[in-house]
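# Breakdown of the fold
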Amino acid sequence: MKKAFIFDLDGVIVDTAKYHFLAWQKIAQELNINFTHEDNELLKGVSRVRSLDIILGLGNVQVSQADKDRMLIEKNEEYLSYLVDMDESEILPGVLKILKLLKEKNQGIALGSASKNARPILEKTGILSYFDVIVDGNDVTNAKPDPEVFLKAAQLLNIDPKNSIVFEDSVAGIQAANIAEMVSVGIGEETILHEADHIFKDFTQIETSFIEELIG
Ligand code: B16
Ligand code: MG
């Protein structure tokens, strides 16, 4: 049976959170806002615009819309500068094996990410060709936990949401998958992702037999 396997990007396929952190930290410093690694957790899976609002909220700082627009551009330019040297070595352990297995088994493979930089990241890491469908921050209006991004991916694959599986590292993403009535697979800590149907620390913990059972 053909199922839809939908992958989040940051925290699932690559660890770009560290680059987002450095880029946001530069903006926070300009605003004299203390922005820690712990604060960065709040931004996982969250859109760029919403991330800036969260940082401004942390410092209780208010700025004009024009300043916000400038900061969003500046943040993205800084973030992109970290992606210049990105290559396949940044793919998180175990991911490639699962992508290859799904291709072999002729399953639907999609990306469902909040990032507007998803395509260049997949290109640079050399895995773009694995994806039948890409739905990213450029294609959706409602952020996770709204299920729009995953429902759109399943729809483009022409596969029923009930026959779809989502791999996610953020709580909002797991909630989005659950709302869409898809099988949610959390990648990360059990204490954080406890709403997921299945949880693995990372992709190296996912056995071939687990994927075969999901395919049915
Ligand atoms: P961009 P995901 C998300 O990616 C990141 O987790 C989040 O930290 C980031 O703010 C968001 O993408 C937007 O990224 O600035 O590149 O458009 O986890 O949904 O793949
Ligand atoms: Mg993520």
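Look a little higher up for the structure.
Just so it is clear, the model here is predicted, and its values are computed rather than measured.

### A few points about helix 1 (residues 17-30)
For helix 1, which comprises 14 residues, the first-to-last C-alpha distance of 20 Å matches the rise-based estimate of 20 Å (1.5 Å per residue) to within 8%. Buried-residue contacts for helix 1 involve helix 2 (37-40), helix 3 (48-58) and helix 4 (65-83). Looking one or two places after helix 1, you find Asn32, whose phi comes out positive at around 60°.

### What to know about the coordination of the magnesium ion (ligand 2)
Listed as protein donors to the magnesium ion (ligand 2) are Asp8 (OD), Asp10 (O) and Asp169 (OD); their distances from the metal cover 2.0 to 2.2 Å. Read in sequence order, the donor residues for the magnesium ion (ligand 2) give the motif D-x1-D-x158-D.

### What about the nonpolar core?
Grouped together as the largest cluster of nonpolar side chains are 37 residues, with contacts concentrated most on Phe7, Ile13, Phe131, Phe167, Phe203, Ile206 and Ile211. At five residues, helix 5 (residues 95-104) tops the list of elements feeding residues into this core. Among the domains, domain 1 (4-15 + 87-215) and domain 2 (17-83) are the pair contributing at least three residues each to this core. Sequence-distant contacts of Phe7, that is, excluding residues within four places in its chain, are made with Val12, Ile13, Ile98, Leu99, Leu102, Ile109, Ala110, Leu111, Gly112, Phe131, Phe167 and Phe203.

### Points about the side chain of Ser113
Structurally, the position occupied by Ser113 is in the loop between strand 2 (108-112) and helix 6 (118-124). Only 2.9 Å separates the side chain of Ser113 from the backbone nitrogen of Ser115, close enough to count as a polar contact. Other than its neighbours up to four places away in sequence, Ser113 contacts Asp8, Leu9, Val135, Asp136, Gly137, Lys144 and Val149.

### A few points about the site of ligand 1
In the region of ligand 1, 18 residues are neighbours, and Val46, Ser113, Ser115, Lys116 and Asn117 sit closest. Measuring from an oxygen atom of ligand 1, one finds a backbone N or O atom of Gly45 at 2.8 Å. Take Ser113: an N or O atom from its side chain is 2.7 Å from an oxygen atom of ligand 1. Its free accessible area being 470 Å², ligand 1 has 98% of it covered by the protein chains. Elements that contribute at least two residues to the shell around ligand 1 include exactly helix 3 and helix 4. When the residues that make up the shell around ligand 1 are grouped by side-chain class, the tally is five nonpolar, six polar and seven charged. Residues from two domains meet in the shell around ligand 1; each of domain 1 (4-15 + 87-215) and domain 2 (17-83) gives at least three.

### Focus on the packing of helix 3 against helix 4
The axes of two packed helices give the description: the angle between them and the distance between them. Their axes nearest at 11 Å, the elements helix 3 and helix 4 cross at an angle of 110°. Taken together, the axis directions place helix 3 and helix 4 in an arrangement best described as roughly perpendicular. With respect to the hand of their crossing, helix 3 and helix 4 are arranged in right-handed fashion. Contacts from Arg48, Val49, Leu52, Asp53 and Leu56 in helix 3 reach Lys68, Met71, Leu72, Lys75 and Asn76 in helix 4. Here the residues of the contact of helix 3 with helix 4 are counted per class, giving five nonpolar, one polar and four charged.

### Let's talk about unusual backbone geometry
Across the junction of Lys144 and Pro145, the peptide omega takes the value 15°, indicating a cis bond. With respect to the helices and strands, the residue Pro145 is situated in the loop between strand 3 (133-135) and helix 7 (148-157). Even without being a glycine, Asn60 presents a positive backbone phi close to 50°. Tracing the backbone through its elements, the reader meets Asn60 in the loop between helix 3 and helix 4. For Asn60, a relative accessible area of 71% corresponds to the exposed category. You will see that Asn158, though not glycine, has its phi angle at about 65°, which is positive. Looking at where Asn158 falls in the secondary structure, it is placed in the loop between helix 7 and strand 4 (164-168). Residue classification places Asn158 among the exposed positions, given a relative accessible area of 71%.

Each value, and the rule that gives it
- Residues numbered from 1 in each chain as written.
- Chains lettered and ligands numbered in written order.
- Predicted model: local features only at pLDDT ≥ 70, side-chain atom pairs only at ≥ 80, totals over all residues.
- Heavy atoms only, no water.
- Helix = DSSP H or I, 4+ residues; strand = E, 2+ residues; numbered from the N terminus.
- Expected span 1.5 Å × (residues − 1).
- Contact = heavy atoms within 4.5 Å.
- Donors = N, O, S within 2.8 Å, 3.2 Å for Na, K, Ca; no water.
- Core = buried A, V, L, I, M, F, W, Y, C linked by side-chain atoms within 4.5 Å.
- Buried < 20%, exposed > 50% of the residue type's maximum accessible area, 1.4 Å probe, protein only.
- Domains from an automatic or database assignment.
- Polar contact = N/O pair within 3.5 Å; in protein donor to acceptor, adjacent residues only side chain to side chain.
- Near = heavy atom within 4 Å.
- Areas by Shrake-Rupley, 256 points an atom, 1.4 Å probe, with all protein chains shown as cover.
- Nonpolar A, V, L, I, M, F, W, Y, C, P; charged D, E, K, R; others polar.
- Axes fitted to C-alpha atoms, helices over the stretch in contact; angles between N-to-C directions.
- Parallel < 35°, antiparallel > 145°, perpendicular 65-115°, else oblique.
- Left-handed = near helix turned anticlockwise from the far one by under 90°.

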